[in-house]
Amino acid sequence: MESTVAVLRELRGAQKSAKGVSLYSRYVNRPAGRIFAAAAYRLGMTPNQVTVVSAAFTFAALASVALVRPGWGPAVLVYLGLAVGFALDSADGQLARLTGGGGPDGEWLDHVVDCAKMILVHSVVLIAFHRYFALGSDGWLLLPLGFLFVAVLTFCAGLLREQLGKAAARSQPAAGAPAGPVSRLRAVALLPADYGVFCLVFLLLGDETAFRTGYAVLAAVHALFLVAFLGKWFRELRALRAG
């Protein structure tokens, strides 16, 4: 079997494009995922098995948000579980590209786990608010519900944009344009919408006010991103139809 160094070298050459990716995913999550993918390859794991391990880390961390009283110690453990789960979520795709072991089943499983993660992360915040936080007003319970709405709509609209774009590309193969250069400014601007950056807010679980404030700010930012993304994706799909 190849050495770990050789595997890492091959994985570096099997990365997705950095276009449209935030700095966190490009310089933190993907490199961490590359290390996990190399380890999984050495252990003989399949991409689907890596996806399952990713889900285990993520769901265990989220369950603790709902079941364990917030504190600084649990906050660090929750963040680490979410961060490792996210890196493994990158590792399964990298391993699939390295081994050629990807397929519709793996893509389906990956999207199912992503959808479950997106729903649970805001659901457990709602439960934690209700069980442990001195909110002062029940109106705070609407915050995770609103954030969940934004997250679900963004996920579904983005997935549809991707699939409809692929379908249009297949029907009009000559219409594809070469990818433009990677924008560093765009990579910085996308940081607030990156799931890895969102996970950082759980480090604030030791302080109720800090967590609520950070979570509310991210909810507002994600809502603004949703409006921008919806307009962008609609224009892109309309341009594909015109083409």
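For the structure, check the block above.
None of the values given here were measured: they were computed from a predicted structure.

Further remarks concern the overall build of the protein chain. When its secondary structure is counted, the protein chain shows 9 helices and 0 strands. Going from the N terminus to the C terminus, the protein chain shows its helices and strands as α-α-α-α-α-α-α-α-α. When the 243 residues of the protein chain are sorted by exposure, 39% land in the buried category. Carbon and sulfur atoms provide 69% of the accessible area of the protein chain, an area that totals close to 12800 Å².

All right, on to a nonpolar patch on the surface then. A grouping of Val 76, Leu 77, Leu 80, Leu 200 and Leu 203 is seen on the molecular surface, where their side chains present a nonpolar patch of about 420 Å² in accessible area. Here Leu 203 is to be found in the loop between helix H8 (195-199) and helix H9 (208-242). Taking the relative accessible area as the measure of exposure, Leu 203 reaches 31% and is therefore partly exposed.

What follows deals with helix H3 (residues 47-67). Taking 1.5 Å of rise per residue, the 21 residues of H3 would be expected to cover 30 Å, and the 30 Å separating its terminal C-alpha atoms lies within 8% of that figure. Buried residues of H3: Pro 47, Val 50, Thr 51, Ser 54, Ala 55, Thr 58, Ala 61, Leu 62, Val 65 and Ala 66, and no others. For H3, the angular spread of buried residues about the axis comes to 145°, placing them on one side. Within H3, the exposed residues directed more than 90 degrees away from the buried face are Val 52 and Leu 67. On its buried side, H3 packs onto helix H2 (23-43), helix H4 (72-99), helix H5 (104-132) and H8.

At a minimum axis distance of 8 Å, the contact between H5 and helix H6 (residues 142-171) shows a crossing angle of 165°. What the angle tells us is that H5 and H6 run roughly antiparallel. As for the relative orientation of H5 and H6, their crossing is right-handed in sense. Between H5 and H6, the residues in contact are Glu 107, His 111, Asp 114, Cys 115, Met 118, Ile 119, His 122, Ser 123, Val 125, Leu 126 and Phe 129 and Leu 143, Pro 144, Leu 145, Phe 147, Leu 148, Ala 151, Val 152, Phe 155, Leu 159, Gln 163 and Lys 166, respectively.

With that settled, the discussion passes to the pattern of salt bridges. The full count for this structure, using the stated rule, is 5 salt bridges. Close ionic contact of Arg 161 with Glu 236 constitutes a salt bridge, the shortest N to O distance being 2.8 Å. Of this pair, Arg 161 sits in helix H6 while Glu 236 is found in helix H9, placing the two residues 75 residues apart along the sequence. One continuous salt-bridge network, built from bridges that share partners, spans Asp 89, Asp 114 and Lys 117.

The next thing to look at is H4. In this model, H4 (28 residues) spans 40 Å end to end at C-alpha, consistent with the 40 Å of a helix rising 1.5 Å per residue. Backbone geometry just downstream of H4 places Gly 100 in the positive-phi region, at approximately 70°.

In this fold, Thr 58 is placed in helix H3. Setting aside residues no more than four positions away along its own chain, Thr 58 makes contact with Gly 81, Leu 82, Gly 85, Lys 117 and Tyr 195.

Scoring rules and cut-offs
- Residues numbered from 1 in each chain as written.
- Predicted model: local features only at pLDDT ≥ 70, side-chain atom pairs only at ≥ 80, totals over all residues.
- Heavy atoms only, no water.
- Helix = DSSP H or I, 4+ residues; strand = E, 2+ residues; numbered from the N terminus.
- Buried < 20%, exposed > 50% of the residue type's maximum accessible area, 1.4 Å probe, protein only.
- Areas by Shrake-Rupley, 256 points an atom, 1.4 Å probe, with all protein chains shown as cover.
- Patch = residues over 30% accessible without salt bridge, like charges linked within 9 Å, V, L, I, M, F, W, Y side chains within 5 Å.
- Salt bridge = Lys/Arg side-chain N within 4 Å of Asp/Glu carboxyl O.
- Expected span 1.5 Å × (residues − 1).
- Arc of directions from axis to C-beta.
- Contact = heavy atoms within 4.5 Å.
- Axes fitted to C-alpha atoms, helices over the stretch in contact; angles between N-to-C directions.
- Parallel < 35°, antiparallel > 145°, perpendicular 65-115°, else oblique.
- Left-handed = near helix turned anticlockwise from the far one by under 90°.

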